[in-house]
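# Architecture at a glance
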Amino acid sequence: MKDEAEATRRLGEIGLDNFAPYLMNRIMGRYNATLRADMAHQGMSTPKMRALAVLAVIDGILIRELAVYAVVEQSTLSRALDGMAADGLIRRAPDRDDSRATRVFITDAGRATFERHWPAMASAHDQMFRDIPEAEQRAFVATLQKILRNVRHNAF
């Protein structure tokens, strides 16, 4: 019986075009690059827009949860939230049950900013799935959800 090191194929044997983490990084890199111009036009950064996107769906979330959903380091997110609060895009409030925790809420101005950016996000999404049947799209998303459950370290 081969030991684990011998049984593990090398990246060169698998190939980059067959290595899912590489493909996911390339896809997200292209998606983010596509959106950068629109964000820059609105004076937004990727962490700020990701935070607004999450808040547009899950308002009043704890900062630590927002960092996970927005896929942004908490220190980077805190700096982004400072700027967003100064611009009137979000407001912070202490959590009712834990005075050490803070919740973040999107303001009307923040929602309007996100809504101006949404068409670019939707267009980039549609471009990614062009010529892929809806059934394949649903199966792909279901597989991604399973992968996320396998790798996540938190409850959400």
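Presented here is an overview of the structure given in this document. The structure presented is a predicted model; accordingly, all values stated were derived computationally and were not measured.

Definitions and limits used
- Position numbers for residues count from 1 along each chain, tracking the sequence in the order it is written.
- Per-residue local features of the predicted model are confined to residues with pLDDT of at least 70, and side-chain atom pairs are confined, for both listing and counting, to 80 or more; whole-chain, interface and lining totals are unaffected and use all residues.
- Side-chain descriptors were evaluated using all non-hydrogen atoms of the structure, hydrogens and water having been removed beforehand.
- Only DSSP runs of H or I with at least four residues qualify as helices, and only runs of E with at least two residues qualify as strands; both kinds are numbered from the N terminus onward.
- By this rule, a helix spans an expected 1.5 Å times one less than how many residues it contains.
- Only protein chains enter the calculation, and the probe is 1.4 Å; a residue is then buried if its accessible area is under 20% of its type maximum, exposed if over 50%, and partly exposed in between.
- Our arc is simply the arc of the directions from the helix axis toward the C-beta atoms.
- We call two residues in contact whenever any of their non-hydrogen atoms come within 4.5 Å of each other.
- Two rings from Phe, Tyr or Trp (for Trp, the six-membered ring) form a pair when their centres sit within 6.5 Å of each other. Planes less than 30 degrees apart are called stacked, planes more than 60 degrees apart edge-to-face, and all others tilted.
- Note on criteria: charge over ring means Lys NZ or Arg CZ within 6 Å of the ring centre, with the direction from the centre no more than 35 degrees off the ring normal.
- Cavity means a closed set of points on a 1 Å grid over the protein atoms alone, one where a 1.4 Å probe fits but cannot get out, pocket means an open set with protein on both sides within 12 Å along at least 5 of 7 lines, and lining means a residue has an atom within 4 Å of a point.
- Grid points are joined across faces, edges and corners, and a volume is the space filled by probe spheres set on the points.
- Each axis is a line fitted through C-alpha atoms, and for a helix only the stretch in contact is used; angles between axes span 0 to 180 degrees, taken between their N-to-C directions.
- When describing relative orientation, an angle under 35 degrees is termed roughly parallel and one over 145 degrees roughly antiparallel, while 65 to 115 degrees is termed roughly perpendicular and anything else oblique.
- Three residue categories are used. Nonpolar comprises Ala, Val, Leu, Ile, Met, Phe, Trp, Tyr, Cys and Pro, charged comprises Asp, Glu, Lys and Arg, and polar comprises the others, including Gly.
- At least two bridges found by DSSP between two strands are what make those strands a pair.

## A few points about helix 6 (residues 74-86)
Across its 13 residues, helix 6 extends 18 Å between first and last C-alpha, which sits within 8% of the 18 Å expected from 1.5 Å per residue. Restricting attention to buried positions, one finds in helix 6 the residues Leu 77, Ala 80, Leu 81 and Met 84. Along helix 6, the residues classed as buried sweep out an arc of 105 degrees about the axis, all on the same side. Every exposed residue of helix 6 that faces more than 90 degrees away from the buried side is listed here: Arg 79 and Ala 86. Elements that come into contact with the buried residues of helix 6 comprise helix 4 (46-57), helix 5 (63-70), strand 2 (90-94) and strand 3 (102-106). Directly beyond the C-terminal end of helix 6, a positive phi value near 75 degrees is found at Gly 88.

## Comments concerning the packing of aromatic side chains
The geometry of an aromatic ring pair comes down to the distance between the two centres and the angle between the two planes. Applying the stated rule across the entire model yields two aromatic pairs. Its end group placed over the ring of Phe 105, Arg 91 keeps NZ or CZ at 4.3 Å from the ring centre.

## Overview of the layout of surface pockets
What the largest pocket holds in volume is close to 1,900 Å³. Together, 39 residues line the largest pocket, and Met 28, Tyr 69, Val 71, Leu 144 and Leu 148 are the ones closest to its centre. A per-element tally of the lining of the largest pocket places helix 3 (residues 20-41) first, with nine residues.

## As for the packing of helix 4 against helix 6
The contact between helix 4 and helix 6 brings their axes to 9 Å, and the two run at 80 degrees. Here helix 6 runs roughly perpendicular to helix 4, going by the angle between their axes. When helix 4 is examined against helix 6, the residues Pro 47, Lys 48, Ala 51 and Leu 52 are found in contact with a partner set consisting of Thr 76, Leu 77, Ala 80, Gly 83 and Met 84. By residue class, the composition of the contact of helix 4 with helix 6 is six nonpolar, two polar and one charged.

## Side note on the sheet that holds strand 3
In space, the three strands of this open sheet follow the order 1-3-2, with antiparallel pairing throughout. The open sheet is flanked by strand 1 (61-62) and strand 2, the only strands paired with a single partner. With five bridges joining them, strand 2 and strand 3 adopt antiparallel strand pairing. Looking across to strand 3, one finds that Ile 90 is bridged to Ile 106. Set on the sheet, helix 6 makes contact with strand 2 and strand 3; between it and strand 2 the angle comes to about 115 degrees.

By themselves, these observations are geometric and do not establish any function.
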